[in-house]
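Single-letter residue listing:
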Amino acid sequence: MKQTPDDLAIFGGDPAFREKLHVGRPNIGDRQRLLTRINDLLDRKWLTNNGPYVRELEQRLAAMIGVRHCIATGNGTVALEIAGRALGLKGEVIVPAMTFIATAHALQWQGITPVFCDIDPTSHNIDPARIERLITPRTTGIVGVHVWGRPCDVEALAKIAQRQNLKLLYDAAHAFACSYKGRMIGNFGDAEVFSFHATKFFNTLEGGAVVTNNDELASKVRLMRNFGFADYDDVVSVGTNGKMNEVSAAMGLTSLESLDRFIAINYRNYKQYRQELEGIPGVQLVTYDEAERCNYQHIILEVNPTTAGLSRDRLKDILWAENVLARRYFYPGCHRMEPYRSDMAGAEPGLPETERLATQLLSLPTGTAIGSNQIRQICQIIRLAIAYSQSAERQRMFAGCIQPTPLPDQKSS
Ligand SMILES: Cc1ncc(COP(=O)(O)O)c(C=O)c1O
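Definitions and limits used
Residues numbered from 1 in each chain as written. Predicted model: local features only at pLDDT ≥ 70, side-chain atom pairs only at ≥ 80, totals over all residues. Heavy atoms only, no water. Core = buried A, V, L, I, M, F, W, Y, C linked by side-chain atoms within 4.5 Å. Buried < 20%, exposed > 50% of the residue type's maximum accessible area, 1.4 Å probe, protein only. Helix = DSSP H or I, 4+ residues; strand = E, 2+ residues; numbered from the N terminus. 1 Å grid on protein atoms, 1.4 Å probe; cavity = no way out; pocket = protein on both sides within 12 Å on 5 of 7 lines; lining within 4 Å. Points joined across faces, edges and corners; volume = space filled by probe spheres on them. Nonpolar A, V, L, I, M, F, W, Y, C, P; charged D, E, K, R; others polar. Salt bridge = Lys/Arg side-chain N within 4 Å of Asp/Glu carboxyl O. Axes fitted to C-alpha atoms, helices over the stretch in contact; angles between N-to-C directions. Parallel < 35°, antiparallel > 145°, perpendicular 65-115°, else oblique. Left-handed = near helix turned anticlockwise from the far one by under 90°. Contact = heavy atoms within 4.5 Å.

**Thoughts on the nonpolar core**
- Core analysis: the biggest nonpolar cluster contains 98 residues, and Phe176 and Leu319 have the highest contact counts within it.
- The leading source of residues in this core is helix α13 (residues 372-389), at nine residues.
- Val78, Ala83, Ala97 and Leu351 belong to the second-largest nonpolar core, a separate cluster that totals 30 residues.

Printed below as a string of structure tokens:
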């Protein structure tokens with residue numbers, strides 16, 4: 001355990017960890033159960049195309065969420081594309097910029113313009129109070145994102161969508177197994193979309209799903225997921241290949257059996273981070289409403305540079321030197337990435353809260369790959385870094401000893 005700032009790797013100490021600690025290390029359920037299922041599907045020689053495991057997974061997910069339809073897909077991005085298309089989104093759609101780039105790309109990919117809306121500084125979700133001023137005659141919908149798994153203001157968004165006759169889609173990539181006022185995420189808006197990417201606490205290797213209580217919409221989504229095929233040789237709509245394969249579904253069924261354990265570990269980690277970081281000036285953990293169901297899969301630190309005496313980016317560099325690969329989610333914000341950055345042609349984005357939080361949030365490792373001892377050490381590094389940055393010697397830290405570290409070859413979702 002590091003005792004003084006001089007022990008920090010950035011000042012020449014040994015890194016706290018020999019192996020790199022990643023954000024989003026996959027949770028893996030019972031390996032034997034998975035291998036048994038994979039053997040079964042190989043014996044069955046039914047590898048994809050709405051196989052028995054995909055159908056079983058869809059039924060289990062729908063039952064768990066309490067939703068009429070669950071349509072499993074190859075990933076969350078294609079689920080967003082299909083759901084948006086099935087809803088008839090076109091022209092302009094209002095989305096937050098504080099999200100993973102897939103939310104915006106899923107629209108742009110289909111010739112729909114994402115119109116970026118600012119977020120509520122407390123919830124980090126799209127701010128309903130700022131939506132209506134962005135509506136034009138071309139607006140057809142709103143995509144809300146339940147960032148970090150914390151639900152959007154679903155009541156306010158439903159009112160706006162109804163008043164303005166807009167479709168309402170949720171990107172619930174972070175919010176699988178979460179609830180709002182006791183109702184599971186998946187039941188809100190016209191449809192909701194999950195991602196089961198390997199970095200999510202519940203994964204199907206790659207995967208996703210569209211869930212909805214709308215029968216007609218569900219039929220459209222099913223057709224579109226499979227090239228528009230209604231039957232052999234009978235294509236009735238435009239479609240794509242959005243199917244989930246059987247190995248992914250086998251992984252999903254196996255992960256589901258460990259879901260409670262994954263959540264319990266995430267919760268334990270979250271409680272420990274909260275406890276250990278309490279009282280450290282300038283850092284605040286994003287908290288969850290424990291009265292709701294919650295997956296606790298994101299440990300998000302908000303760094304106030306004035307109070308902490310160092311910036312989020314400095315803290316990130318200090319952690320990286322210790323092999324703690326904390327991530328800057330969602331930096332710099334979708335609006336500052338291509339093609340959206342160029343489309344703005346230098347105009348002021350008008351997203352002050354997004355801009356501020358994009359420079360202040362840091363995602364820390366959690367999940368089954370992290371133990372209590374590691375969390376204690378990570379928090380001690382943060383404590384030492386901030387104590388040092390507030391000390392008389394802080395000039396040394398700001399005098400350029402800290403070299404920016406390159407990003408790993410890892411996605412940012
Ligand atoms: C908010 C958000 N939306 C969409 C996606 C896209 O999901 P996928 O990677 O399964 O395509 C992700 C994660 O990857 C995400 O975090």
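The rest of the description comes next.
**Let's talk about empty space enclosed by the protein**
- Under the defined criterion, the tally for this structure stands at two cavities of 30 Å³ or more.
- Of the pockets and cavities examined, the largest cavity occupies roughly 180 Å³.
- What lines the largest cavity is a set of 16 residues, among which Val23, Gly24, Thr199, Gln297 and Thr366 lie closest to the centre.
- Considering only enclosed or pocket space, the second largest cavity measures out at about 50 Å³ in volume.
- Leu80, Glu81, Gly84, Thr103, Ala106, Leu107, Gln110, Val143 and Leu169 together form the lining of the second largest cavity.
- Broken down by secondary-structure element, the contributors of at least two residues to the lining of the second largest cavity are α3 (76-86) and α4 (101-108).
- In terms of residue class, the lining of the second largest cavity is made up of five nonpolar, three polar and one charged.

**Description of the pattern of salt bridges**
- Taken as a whole, this structure holds 22 salt bridges when the rule is applied.
- Residue glutamate 155 pairs with lysine 181 through a salt bridge whose shortest N-O separation is 3.1 Å. Here the residue glutamate 155 occupies a position in helix α5 (residues 154-164), and lysine 181 occupies one in the loop between β7 (179-180) and β8 (183-184), the gap between them amounting to 26 residues.
- Looking at glutamate 155, the relative accessible area reads 37%, which means it is partly exposed.
- Connected via shared salt-bridge partners are Arg33, Arg37 and Glu257.

**Notes on the packing of helix α8 (residues 259-277) against α13**
- Running from N to C, α8 and α13 point in directions that differ by 30 degrees, and their axes come no closer than 10 Å. Considered as vectors, α8 and α13 are oriented roughly parallel to each other. Where α8 crosses over α13, the handedness of that crossing is right-handed. Packed against α8, whose contacting residues are Asn269, Gln272, Tyr273, Glu276 and Leu277, the element α13 presents Ser372, Ile375, Arg376, Ile378, Cys379, Ile382 and Arg383 at the interface.
- Classifying every residue of the contact of α8 with α13 gives six nonpolar, three polar and three charged.

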